[in-house]
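Here is how the chains run, residue by residue.
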Amino acid sequence: MRQVKTKTNALIGLILTGALLATMLLTAKPTMAEQGTTTLVFNKPLDTEVSRILIKRLTSAYRDIGVDIKIIDFDHKSSLKAANAGELDGQIGRIIGISNDYPNLIASYFPLMHLNLVLITNKGVCSDCKLKDLKTISHNTNYPFSQKYIDQENFQGEVIINNNLSSQIHMLRNHTIDGILVLEYLLTHQIEAHALDFFDKKIVSKKPIHHYLHKKHKVILDRLDEQLKIDSSVKSEHKEMK
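If you're wondering where the values come from, they're calculated on a predicted model, not measured in any experiment.

Attention shifts here to helix H5 (residues 144-152). All of the buried residues along H5 are Phe145, Ser146, Tyr149 and Ile150. Angularly, the buried residues of H5 cover 140° about the axis, an arc narrow enough to put them on a single face. Turned more than 90 degrees away from the buried face of H5, the exposed residues are Asp151 and Gln152. At its buried positions, H5 is contacted by strand S5 (113-122), strand S6 (136-139), strand S7 (158-161), strand S8 (179-183) and strand S9 (199-214). With its phi angle positive at about 55°, Asn154 sits one or two positions after the end of H5.

This part takes up the state of the cysteines. By definition, a disulfide links the sulfur atoms of two cysteine residues through a covalent bond. Following the criterion strictly, the structure yields 1 disulfide and no others. Residue pairing for Cys126: its cysteine sulfur links by disulfide to Cys129, the two sulfurs lying 1.5 Å apart. Residues Cys126 and Cys129 are joined through a disulfide that is right-handed, its torsion about the S-S bond being 115°.

One finds Tyr62 and Ile120 to be the most contacted residues of the largest nonpolar core, which totals 49 residues. For this core, the element with the most residues is S5, which contributes 6 residues. In this structure, Tyr62 is in contact with Leu40, Phe42, Val67, Ile69, His211, Leu213, Ile220 and Leu224, ignoring residues within four places of it in sequence.

A few words on the pairing of S9. Relative to S9, strand S3 (residues 90-95) is paired through 4 bridges, and the arrangement is antiparallel. From the neighbouring strand, Ile95 faces S9, where its bridge partner is Ile209. Examined bridge by bridge, strand S4 (residues 105-107) and S9 share 3 bridges and lie antiparallel to one another. Its bridge partner being in S9, Ala107 is matched across the sheet by Tyr212. Pairing analysis gives 10 bridges linking S5 to S9, with the strands arranged antiparallel. Of the residues in S9, the one forming a bridge with Val118 is Ile203.

The predicted model of the protein averages 83 in pLDDT, with 81% of residues at 70 or higher. Low pLDDT, under 50, characterises residues 19-35; the stretch is placed with 6 contacts to residues that sit more than four places away or in other chains. When the criterion is pLDDT under 50, residues 236-242 qualifies, and its contacts beyond four places in sequence or with other chains add up to 0 contacts.

Inspection of every chain in the model, using the stated rule, returns 3 aromatic pairs. Judged by centre distance (6.4 Å) and plane angle (35°), the rings of Phe42 and Tyr62 are tilted. Of the two residues, Phe42 is situated in strand S1 (residues 38-43) and Tyr62 in helix H3 (residues 49-64); the sequence distance between them amounts to 20 residues. You'll find Phe42 and Tyr62 in the same group, each marked buried. For the pair Phe198 and Phe199, a centre-to-centre distance of 6.4 Å together with 70° between the ring planes defines the contact as edge-to-face.

Buried within helix H6 (residues 165-173) are the following residues: Leu165, Gln168, Ile169, Met171 and Leu172. Looking down the long axis of H6, one finds its buried residues gathered within 160° of arc, a one-sided arrangement. For H6, the elements touching its buried residues are S5, S6, S7, S8, helix H7 (184-190) and S9. The N-cap of H6, judged by a side-chain oxygen 3.1 Å from the amide nitrogen of Ser166 a few residues on, is Asn164. Following H6 by one or two positions, His175 has its phi on the positive side, about 65°.

Counting across every chain of the model gives 5 salt bridges. The shortest N-O distance in the salt bridge between Asp200 and Lys123 comes to 3.4 Å. Of this pair, Asp200 sits in strand S9 while Lys123 sits in the loop between S5 and S6, and the two are 77 residues apart along the sequence. In this structure Asp200 comes out as partly exposed when scored by relative accessible area, which is 26%. Ionic pairing is found between Asp128 and Lys130, a salt bridge with its closest N-O pair at 3.1 Å. The exposure class assigned to Asp128 is partly exposed, which follows from its relative accessible area of 48%.

Definitions and limits used
- Residues numbered from 1 in each chain as written.
- Predicted model: local features only at pLDDT ≥ 70, side-chain atom pairs only at ≥ 80, totals over all residues.
- Heavy atoms only, no water.
- Buried < 20%, exposed > 50% of the residue type's maximum accessible area, 1.4 Å probe, protein only.
- Helix = DSSP H or I, 4+ residues; strand = E, 2+ residues; numbered from the N terminus.
- Arc of directions from axis to C-beta.
- Contact = heavy atoms within 4.5 Å.
- Disulfide = S-S within 2.5 Å.
- Core = buried A, V, L, I, M, F, W, Y, C linked by side-chain atoms within 4.5 Å.
- Pairing = 2+ DSSP bridges.
- pLDDT = per-residue confidence, 0-100.
- Phe/Tyr/Trp six-rings, centres within 6.5 Å; stacked < 30°, edge-to-face > 60°.
- Polar contact = N/O pair within 3.5 Å; in protein donor to acceptor, adjacent residues only side chain to side chain.
- Salt bridge = Lys/Arg side-chain N within 4 Å of Asp/Glu carboxyl O.

Structure, rendered in structure tokens:
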């Protein structure tokens, strides 16, 4: 009789334990792995050397934390509003500070890269040249950084749009224009160093470029920042070993 009772109690215990486990499984939140790979959608930025570097770095970092990214064609001018509204998951890369106007977008703690804006003028035109010292300036519209600087400095002279850096250099040397605003990165990658011997160069503005995600993805952004930190450390170690 005791054996039957013991077996019955054991059976009841197993049933209760099974029911408890089933309840826990039903109410537990699925992990990212159980949900499948997360995919974040971003608008395709202007196709420049800088944007290609940013996409390459982000694709690698996101892959390392188990997240895919998808780049889609989207109206560039409305992309910030769309990202802020959650229609896009964020922005590939923007200068720091856009959260003031788009509060739903959170910047990565670590910048993806730093951009230096350089003013190039003919040698001896002026010492420590500033925009206000020049009458004509040229810049590339594919890089809004330069136009924002022109607006910030309230430049009153003539602005000549030219998206070909070699052509700009030729115009400057022929005194068709007084100066060029260009990203230092493009200058060092597109123009031979000896071709710049005729000019003075001055960094007029520095901006860190950060990745932005909608605030609903803050957990992912925290993980991405950890990965970007690791990537930066590895990059620094690699440089020191060279």
